[in-house]
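Structural description and commentary
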Amino acid sequence: MGAAENAELGGLQDEEEMVAGTAPPARKMQSLDFEHIGSLAAVAESLSPRSKWRMALRSIRIVIFQAKINVLLPFGPLAITLHYIPGNHQGWVFLFSLIGITPLAERLGYATEQLACYTGPTIGGLLNATFGNATEMIISIYALKNGMIRVVQQSLLGSILSNMLLVLGCAFFAGGLAHPDRDQVFNKASAVVNSGLLLMAVLGLMFPAVLHFTHSEAHYGKSEVSLSRFSSCIMLVAYASYLFFQLKSQRSLYSPIGEEEETTEDEEDEKEITQGEAISWLFVLTIWISILSGYLVDAIQGASESLNMPLAFISVILLPIVGNAAEHASAIMFAMKNKLDITLGVAIGSSTQISMFVIPFCVVIGWMMGEEMDLNFQLFETATLFITVLVVAFMLQEGTSNYFKGLMLILCYLIVAASFFVHVDPKSSKYSVYRSTSIVISSLILKVTRWLNIKA
């Protein structure tokens, strides 16, 4: 009897073990299957045409209708319409094109910021500077195509001045007001490297100007252009080396201060559109800016005459303010969030990119087009750039910022703007014709006098 009872108990225990041991895994497998099927259903739903249309409409709502500055978008089509209406409307075409490009440049900066959320701060700052300068590059290529070399030179110079003084000054000022109890800190090492590159750019721009104004060219009219093309190639090599140094060789040098303390929750909150949508918007906005830039460049000369405004002021001050709208908005936003390293990557990085890449690139493109684009930006412009680089380098040497430093940079920009408003460009003014004619006549008189003295 005891043996039989033990056998029955053993059988019951085996049944209990089978129930306890095998049944739950079966339920677990069923739940995993349901979860797998649910995830596949979610993927299928996201790939359906209806879901794609919903995502596209959501992206359009965020990028186009969410920003209040987009109320200026209709000025772009209005400028194109005025261009084809008979009559002299160059001043209005220029103003409406200028206003129409402003929201596009700001939205270009927004799309770049969204893309930067997926790439990290270093590459994000580089992307912001690159696409922020897309407007200047497009305007410069259109101007080069029309033979407006001085407009190219002055607009690129104005972009550097605007980024270094106005954009950086407003960012420091806004960041200082948002954090009034302490100085904001940024990576001083990366700022020093950018300052060195800017000084190298000043070096490349200074020697063609010095060669021209000292009349010490070996071949008059040719040595200046040849030196500019050689220096441009060297500057492009230097900028490529800088990118390798920044992104590959010494990445730790450019890591933001306090990066290890930051959490990814803020970055997830900032992601409003997907990576693919950000790339698509960059493509669409760049095309629309390039279309408006063509009408803007065609109307510059007529706008200068109808508005009674110096061409140098339009090229150096007005065009860069519109072109730098993306950098302006993003630099201020990052400074108020106490992300000064990204702010410097946008403002100073953009200036470095224009001086070491965009300007030499335009020289090479002009060389291919048969236009004698050179690095002689004239004495007044070169001196302004040199003093600006020195002022900003002194501001960055401590590695800290506050609202007073920002205020000083803004006031310096106002002085520069006033200087270009009263400046007459020697290459575009009627006085240059009289001056060159008088120089030629004087030299002929001297040669005839010497010849007569020799004969006597």
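Computed from a predicted structure; not experimentally measured.

**Overview of the overall build of the chain**
Along its length, the chain carries 18 helices and two strands. Each of the 456 residues in the chain was classed as buried or not, and the buried ones make up 45%. Relative to all contacts within the chain whose residues are 6 or more apart in sequence, the contacts with residues 24 or more apart total 84%.

**A closer look at the pattern of salt bridges**
Tallied over the entire structure, the rule returns two salt bridges. R150 is the salt-bridge partner of E381, the closest N and O atoms lying 2.9 Å from each other. Here E381 is found in helix α16 (residues 379-396), whereas its partner R150 is found in helix α7 (residues 149-178), with 231 residues between them in sequence. Residue classification places E381 among the buried residues on the basis of a relative accessible area of 1%.

**As for the packing of aromatic side chains**
In this structure the tally under the stated criterion is nine aromatic pairs. Relative to F186, the ring of F172 has its centre 6.3 Å away and its plane inclined at 15°; by these criteria the two rings are stacked. One end of the pair, F172, is in helix α7; the other, F186, is in the loop between β1 (184-185) and α8 (188-213), with 14 residues separating them in the sequence. Classification of F172 by relative accessible area gives buried; the value is 0%. Judged by relative accessible area, which is 1%, F186 ranks as buried. Ring centres 5.6 Å apart and planes at 20° place the aromatic pair F357 and F361 in the stacked group. Of this pair, F357 and F361 are both found in helix α15 (residues 340-369), four residues apart, which corresponds to roughly one turn of the helix.

**Some thoughts on the side chain of S351**
Tracing the chain through its elements places S351 in helix α15. Exposure remark for S351: the relative accessible area of 0% places this residue in the buried category. In this structure, S351 is in contact with I160, N163, M164 and L198, ignoring residues within four places of it in sequence.

**Quick look at a nonpolar patch on the surface**
A cluster of nonpolar side chains, contributed by L177, Y403, F404, L407, L411 and L414, occupies part of the molecular surface with about 590 Å² of accessible area. Along the polypeptide, L414 turns up in helix α17 (residues 403-421). Given the relative accessible area of 51%, L414 is considered exposed.

**Overview of the packing of α16 against α17**
Where α16 contacts α17, the two axes come as close as 11 Å, and the packing angle between them is 175°. The orientation of α16 relative to α17 falls into the category roughly antiparallel. Mapping the contact onto sequence places F380, E381, T384, V391, V392 and M395 in α16 and K405, M408, L409, C412, V416, S419 and F420 in α17. In the contact of α16 with α17, the residues fall into nine nonpolar, two polar and two charged.

**Here we look at the packing of α7 against α16**
The N-to-C vectors of α7 and α16 enclose an angle of 20°; their axes lie 11 Å apart at closest approach. When the interaxial angle is binned, α7 and α16 end up roughly parallel. In this structure, the crossing between α7 and α16 has a hand that is left-handed. Every residue of α16 that contacts α7 at R150, Q154, L157, I160, L161, M164, L165, L168 and F172 is listed here: E381, T384, L385, T388, V389, V392 and L396. Looking at the contact of α7 with α16 residue by residue, the class counts come to eleven nonpolar, three polar and two charged.

**Observations concerning the confidence of the model for the chain**
Per-residue pLDDT for the chain has a mean of 77; in total, 75% of the residues score no lower than 70. Below a pLDDT of 50 lies the segment residues 34-43, which in the model reaches zero contacts outside its immediate sequence neighbourhood of four places, other chains included.

**Re the side chain of S159**
Considering the arrangement of structural elements, one finds S159 in helix α7. With near-sequence residues (within four places) excluded, S159 lies in contact with E136, P320, N324 and I354.

**Examining the nonpolar core**
Grouped together as the largest cluster of nonpolar side chains are 100 residues, with contacts concentrated most on F94, L168 and L396. Ignoring any residue separated from it by four or fewer positions in sequence, one finds F94 in contact with L296, A299, I300, A303, I314, L318 and L319.

**Examining unusual backbone geometry**
At N308, a position not held by glycine, the phi torsion is positive, near 55°. Along the polypeptide, N308 turns up in the loop between α12 (300-306) and α13 (311-323). Look at N308 and you get exposed, because its relative accessible area is 70%. A positive phi angle, close to 65°, is found at N338, a residue other than glycine.

**Remarks on the environment of Y239**
Along the polypeptide, Y239 turns up in helix α9 (residues 223-249). Separated by 117 residues in the primary sequence, Y239 and M356 have C-alpha atoms spaced 5.9 Å apart.

Cut-offs and rules
- Residues numbered from 1 in each chain as written.
- Predicted model: local features only at pLDDT ≥ 70, side-chain atom pairs only at ≥ 80, totals over all residues.
- Heavy atoms only, no water.
- Helix = DSSP H or I, 4+ residues; strand = E, 2+ residues; numbered from the N terminus.
- Buried < 20%, exposed > 50% of the residue type's maximum accessible area, 1.4 Å probe, protein only.
- Contact = heavy atoms within 4.5 Å.
- Salt bridge = Lys/Arg side-chain N within 4 Å of Asp/Glu carboxyl O.
- Phe/Tyr/Trp six-rings, centres within 6.5 Å; stacked < 30°, edge-to-face > 60°.
- Patch = residues over 30% accessible without salt bridge, like charges linked within 9 Å, V, L, I, M, F, W, Y side chains within 5 Å.
- Areas by Shrake-Rupley, 256 points an atom, 1.4 Å probe, with all protein chains shown as cover.
- Axes fitted to C-alpha atoms, helices over the stretch in contact; angles between N-to-C directions.
- Parallel < 35°, antiparallel > 145°, perpendicular 65-115°, else oblique.
- Nonpolar A, V, L, I, M, F, W, Y, C, P; charged D, E, K, R; others polar.
- Left-handed = near helix turned anticlockwise from the far one by under 90°.
- pLDDT = per-residue confidence, 0-100.
- Core = buried A, V, L, I, M, F, W, Y, C linked by side-chain atoms within 4.5 Å.

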